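Here's the letter readout for the chains.
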Amino acid sequence: QAVKKERIYYYEQHKIVDNFAQEIHSGLSQTPKRLSPKHFYDQKGSELFDQICQLEEYYPTRTEIALLTEHANDFSQLMGEQSILFELGSGSSLKIRILLEALKPSRYVPMDISKEHLIASSNQLAKDYPWLEVHANRVDYSQPWEVPDFGPGRYNAFFPGSSIGNFEPQAAVKLLQQIAQLVGRQGGLLIGVDLKKDKQRLEAAYNDKKGVTAAFNLNLLHHINSRIDSDLDATNFSHTAIYNEPLGRIEMHLVSQCSQSFRIGEHCYRMQKGETIHTESSYKYAVKEFHQLAKLAGFYPEKVWTDTEQLFSIHYLKV
Ligand code: AVI
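Basis of the calculations
Here the residue index of a chain counts from 1 through its sequence in written order. Residue-level local features of this predicted model are given only where pLDDT is at least 70; pairs of side-chain atoms are given and counted only at 80 or more, and the full residue set underlies all totals for whole chains, interfaces and linings. To get the side-chain values, all heavy atoms of the structure are used, and hydrogens and water are removed first. In these notes, residues near a molecule or strand are those with any non-hydrogen atom within 4 Å of it. Residues adjacent in sequence count toward polar contacts only when both atoms are side-chain atoms; beyond that, a polar contact is any pair of N or O atoms within 3.5 Å, and within protein one must be able to donate a hydrogen and the other to accept it. Surface accessibility in these figures is a Shrake-Rupley result with a 1.4 Å probe; residues are shielded only by whichever protein chains are displayed. Counting from the N terminus, the helices are DSSP H or I runs at least four residues long and the strands are E runs at least two residues long. Under the scheme applied here, ten amino acids are nonpolar (Ala, Val, Leu, Ile, Met, Phe, Trp, Tyr, Cys and Pro), four are charged (Asp, Glu, Lys and Arg), and all others, including Gly, are polar. A helix is expected to reach a length of 1.5 Å times the quantity of its residues less one. To get the bend at a given residue, fit one axis to the seven residues ending there, fit another to the seven starting there, and take the angle between those axes. We call a residue buried when its accessible area falls under 20% of the maximum for its residue type, exposed when it is over 50%, and partly exposed in between, using a 1.4 Å probe and counting protein chains only. A cavity here means a set of 1 Å grid points, computed over protein atoms only, where a 1.4 Å probe fits but cannot escape. A pocket is an open set with protein on both sides within 12 Å along at least 5 of 7 lines, and lining residues have an atom within 4 Å of a point. Grid points are joined across faces, edges and corners, and a volume is the space filled by probe spheres set on the points. We call Phe, Tyr and Trp rings a pair once their centres come within 6.5 Å, taking the six-membered ring for Trp, and we label the pair stacked below 30 degrees between planes, edge-to-face above 60, and tilted otherwise. Any two residues whose heavy atoms approach within 4.5 Å are treated as being in contact.

K.L.:
Any chance you could explain the site of the ligand here in plain terms?
P.N.:
Of all residues adjacent to the ligand, which total 14 residues, the nearest are Y58, N166, Y206, E280 and S282. Contact between the ligand and S282: an oxygen atom at 2.6 Å from a side-chain N or O atom of the residue. Within the complex, the protein chains bury 97% of what would otherwise be the 340 Å² of accessible surface of the ligand. For the shell around the ligand, the elements supplying multiple residues, two or more each, are α2 (43-54), α9 (212-227) and β13 (276-283). For the shell around the ligand, the class distribution of residues is seven nonpolar, six polar and one charged.

Right, here's the structure in full:
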């Protein structure tokens, strides 16, 4: 059921269950301990992520924006005008603006977990592009979701930022399958994917000199403290990010600086000095590898764009 909010339509189709405390407990009960990267993004975490995107070492954002700007005409030819455009994890408004201006879709359907962010950014876009109908959908990708049916038309989805890399490959295939269903036959997906490259460059991007990525990682502990009564002390942890070359992924961890025990809610946990909590994986895919993944999900690769340094790729996939 759509609700009209100022300039936009807003939908919250499925009941989004808040499993925060339970997810934290289940992650910290595993060996090795792990927490889902989706819990990075409270207010502070989202601000820190915006800062990461501006860092000199963090090449993905500016490289993707340059690619989008350079090839905007290609996208409108491939995806067609007057289409229905979904955006997954509508985080960066700069990227979507490039695409909206090139494609001039009749409907824009941003999908995001954060209600406040979703409504605020949707209203701003609706204000700046008065010709655009905006249908904001609140969605948690880790729970079953569906979006309203908009009837016949050309459906395309946009999934920028290499966020697909934060899913385990099996889960990534599942999510791509859901997107294929969303856009239907003849539909397409424009997706940004970070490329494999040398270890040094990758590790520098996740261990920036200013320590913003470290603050982003450690903020997960502050986020837990703010939502659950606990005696967790973030100063007992440090940030590390390493490239796990055999698995093709950057791994972020929080390293326990001492032997410690802490309580979160009614549960107690122990950690040895040097033991870690695995907080994020960021998979990197060579073009061919990503094509394989996309095919497993029922897409076929139509076109791919990369920058001259081979840092980042944008794929257009078709169902
Ligand atoms: C959102 N995601 C694609 C980012 C990444 O690069 O995996 C999250 C991030 N983690 C540390 N820096 C940025």
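K.L.:
What should I look at first to understand α9 in this one?
P.N.:
One turn of the α-helix equals 3.6 residues, which is why residues spaced by three or four share an orientation. With 16 residues, α9 should reach 22 Å at 1.5 Å per residue; the first-to-last C-alpha distance of 22 Å fits that figure. Along its length, α9 reaches its greatest deviation from straightness, about 30 degrees, at L218. Of the positions making up α9, those classed as buried are V212, T213, A214, F216, N217, L218, N219, L220, L221, H223 and I224.

K.L.:
I'm lost on the layout of surface pockets in this one. Help?
P.N.:
The method is simple in principle: a probe with the dimensions of a water molecule rolls over the atoms, and the space it marks as empty is what remains. By volume, the second largest pocket amounts to about 160 Å³. Per-element tally for the lining of the second largest pocket: the top contributor is helix α7 (residues 169-183), with three residues. Split by residue class, the lining of the second largest pocket holds seven nonpolar, two polar and two charged.

K.L.:
Mind showing me how you'd approach the packing of aromatic side chains here?
P.N.:
Geometry of an aromatic ring pair is reported as the spacing of the ring centres plus the angle between the planes. With the rule as written, the count across this model stands at 15 aromatic pairs. Ring geometry for F86 against F150: centres 6.4 Å apart, planes inclined by 50 degrees, an arrangement best described as tilted. With F86 in strand β4 (residues 84-88) and F150 in the loop between β6 (133-138) and β7 (155-159), this pair connects stretches of sequence that are 64 residues apart. Consider the rings of Y283 and Y285, whose centres lie 6.4 Å apart with planes at 20 degrees: the pair is stacked. You can call Y283 buried: its relative accessible area is 6%.

K.L.:
Even after reading the chapter, I still don't get the side chain of K95, so can you show me in this structure?
P.N.:
Secondary-structure assignment places K95 in helix α5 (residues 93-103). Separated by 2.7 Å, the side chains of K95 and E64 make a polar contact. Those residues within four positions of K95 in sequence are excluded, and the remaining contacts are T61, E64, I65, L68, F158, P160 and G161.

K.L.:
When you look at unusual backbone geometry in this model, what are you seeing that I'm missing?
P.N.:
Peptide bonds are trans in most cases, and residues, glycine excluded, mostly fall at negative phi. Residue T31 is joined to P32 through a cis peptide bond whose omega torsion reads -10 degrees. Take P32: it is sitting in the loop between α1 (20-28) and β3 (33-34). In this structure, K104 takes a positive phi of about 45 degrees despite not being glycine. The residue K104 is located in the loop between α5 and β5 (107-112) in this model.

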